[in-house]
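# A look at the structure
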Amino acid sequence: MLRADVLAMSAYHVPAADGFVKLDAMENPYPLPDALRDAFARRLAAVPLNRYPVPDYAALKAAIRDRFGVPAACGLILGNGSDELISLLSVATARPGAVVLSAWPSFVMYQVSAQLAGSRFVGVPLAPGFGLDRAAMLAAIEREAPALVYLSYPNNPTGACFDDGVIRDILAAAPGLVVIDEAYQPFAPRTWMPALERHPDLLVMRTVSKLGLAGLRLGFMAGAPDWIGQLDKVRPPYNVNVLTEAAALFALEHHAVFDAQAAAIRAERAVLADRLARLPGVEVFASDANFLLLRVPQAPAVWQALRDRRVLVKDVGRMHASLHDCLRITVGAPQENATLLAALDEILVQRPGGSPPEGPRPGSDGAHPTTP
Ligand SMILES: *Cc1c(COP(=O)(O)O)cnc(C)c1O
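On a predicted model such as this, the values are computed, not experimentally measured, just so you know. (Residues numbered from 1 in each chain as written. Predicted model: local features only at pLDDT ≥ 70, side-chain atom pairs only at ≥ 80, totals over all residues. Heavy atoms only, no water.)

## What about the pairing of strand 8 (residues 219-223)?
- Judged by how many residues are buried, strand 8 sits mostly within the fold: 5 of 5 residues are covered.
- Side chains Gly 219, Met 221 and Gly 223 of strand 8 all project onto a buried face; the interleaved residues Phe 220 and Ala 222 project onto the opposite face, where all are buried too.
- As judged from the 5 bridges shared by strand 2 (residues 75-79) and strand 8, these two strands associate in the antiparallel manner. Bridging across to strand 8, Ile 77 finds its partner in Met 221.
- Of the pairings in the sheet, the one linking strand 7 (residues 202-207) to strand 8 comprises 5 bridges and is antiparallel in character. When the bridges of strand 8 are listed, Arg 206 appears paired with Phe 220. (Buried < 20%, exposed > 50% of the residue type's maximum accessible area, 1.4 Å probe, protein only. Helix = DSSP H or I, 4+ residues; strand = E, 2+ residues; numbered from the N terminus. Pairing = 2+ DSSP bridges.)

This is the structure:
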């Protein structure tokens, strides 16, 4: 007796990655350094697994406030990944007829989660070049009166931070909550966190996933205490488990390690973007995140040819018309990026004429130009 819309959904597909250079999921390529592993193991071994988490998560919240500059006047809510926070927002706002709005294309969970909760999702197309379309956003906000507006900042999958002036206009126009999702903040030049004090209906969402702790599943969101207090009623009481809590506290004490990894990834991003842009026919879009969006002739075939060479990237071409022939590539460790570049060199340069080894996959229209 399942819902028809659930039966009609396709499952969130995560491809097998054993033996692959994995550049499809925006993971930090660097593991916890060996020098920290014993201390980490001792810390986890001391956690009382027989006890429920302390429900206010006071120690972890204090560490997060301190480390990530959450304004003192703000409330803070924790999630089992920011995916769970998105889910809580969906549940809390899903009155009959409610609308959730986002610039689009963006993080697919905004749409999936809103629709599962029974809200209508409205995606407002980005302007050419993947910036916010100011007029279209303001018109849609006026027309739809959304309960919730999401802005991914930097935007996944396009890579750059949106224009702050347009975001200010959106904040002024939106009748409900505006959530700025800063999942990629460790790689970005700007943040809205300090601006929370000036915008009572703004929430800033973060995660430790892209910082190198994707396996922990910990996200957090800051905003006016009234909003956070209401959302906290929807949160399952023990949603962050004791091992995640202990591990996150440990990681925050050793934040310099993760900050250095993020700095290395930002430096690698510049190198990789430069090399990719020199490949024939490849267009690289500006990125403030730990991934690069590129447009390449016959992207589905290039994706397959990379896969044949054991390099996994994300083909985002079918997500949205504006992403036609686009691939999203996570910035890896130098050796991984070198493997990617060597593979692309084989695919795009050493096979002049650009006919990749296999034709476009089913579903592709086959109308792409054959040569870069
Ligand atoms: C990866 C990602 C998330 C999910 O983060 P988790 O904390 O791992 O659930 C949220 N928002 C955006 C835009 C992302 O790309």
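## Comments concerning the domain arrangement of the protein chain
- The domain boundaries assigned to the protein chain delineate domain 1 (4-30 + 257-354) and domain 2 (47-253).
- On a C-alpha basis, the centroid separation for the pair domain 1 and domain 2 is 25 Å.
- Residue-level contacts link 27 residues of domain 1 with 27 residues of domain 2.
- Contact between domain 1 and domain 2 buries roughly 2200 Å² in total, counting both sides, with carbon and sulfur atoms accounting for 67%.
- It is Phe 258, Asp 288 and Met 319 in domain 1 that bury the most area against domain 2; as a group they hold 27% of the surface buried on that side. (Domains from an automatic or database assignment. Contact = heavy atoms within 4.5 Å. Buried area = accessible area lost by both parts, 1.4 Å probe.)

## Observations concerning helix 10 (residues 242-253)
- Taking 1.5 Å per residue as the helical rise, helix 10 with its 12 residues ought to reach 16 Å, and the 17 Å between its terminal C-alpha atoms agrees with that figure.
- With 9 of 12 residues buried, helix 10 is to be regarded as a mostly interior element.
- Restricting attention to buried positions, one finds in helix 10 the residues Val 242, Thr 244, Glu 245, Ala 246, Ala 247, Ala 248, Phe 250, Ala 251 and Leu 252.
- Packing partners of the buried residues in helix 10 comprise helix 2 (34-45), helix 3 (58-68), helix 8 (209-213) and helix 11 (255-277).
- With a side-chain oxygen positioned 2.8 Å from the backbone nitrogen of Leu 243, the residue opening helix 10 is Asn 241. (Expected span 1.5 Å × (residues − 1). Polar contact = N/O pair within 3.5 Å; in protein donor to acceptor, adjacent residues only side chain to side chain.)

## So, the pattern of salt bridges
- Counted by the stated rule, this structure contains 16 salt bridges.
- Note that Asp 232 and Arg 235 form a salt bridge whose closest N and O atoms lie 2.7 Å from each other.
- In this structure Asp 232 comes out as partly exposed when scored by relative accessible area, which is 27%.
- Relative accessible area serves as the criterion here: at 12%, Arg 235 is assigned to the buried category.
- Several salt bridges converge on common partners, so that one network encompasses Lys 22, Asp 24 and Glu 27. (Salt bridge = Lys/Arg side-chain N within 4 Å of Asp/Glu carboxyl O.)

## Notes on the packing of helix 4 (residues 82-93) against helix 5 (residues 108-116)
- Running from N to C, helix 4 and helix 5 cross one another at 40 degrees; their axes reach a closest spacing of 9 Å. In terms of their interaxial angle, helix 4 and helix 5 are classed as oblique. Our pair here, helix 4 against helix 5, has a crossing hand that is right-handed. The segment helix 4 lies against helix 5, with Asp 83, Ile 86, Ser 87 and Ser 90 engaging Met 109, Tyr 110, Ser 113 and Ala 114.
- Across the contact of helix 4 with helix 5, the residue classes break down as 4 nonpolar, 3 polar and 1 charged. (Axes fitted to C-alpha atoms, helices over the stretch in contact; angles between N-to-C directions. Parallel < 35°, antiparallel > 145°, perpendicular 65-115°, else oblique. Left-handed = near helix turned anticlockwise from the far one by under 90°. Nonpolar A, V, L, I, M, F, W, Y, C, P; charged D, E, K, R; others polar.)

## Observations concerning the sheet that holds strand 12 (residues 314-315)
- Taken in spatial order, the 4 strands of this open sheet run 9-10-13-12, and their pairing is antiparallel. Only two strands of the sheet have a single partner each, and these edge strands are strand 9 (283-284) and strand 12.
- Here strand 9 runs beside strand 10 (residues 291-295); their pairing, made up of 2 bridges, is antiparallel. Directly across from Glu 283, in strand 10, lies its bridge partner Arg 295.
- Strands strand 12 and strand 13 (326-330) of the sheet are contacted by helix 12 (residues 299-308), whose axis makes an angle of about 35 degrees with strand 13.

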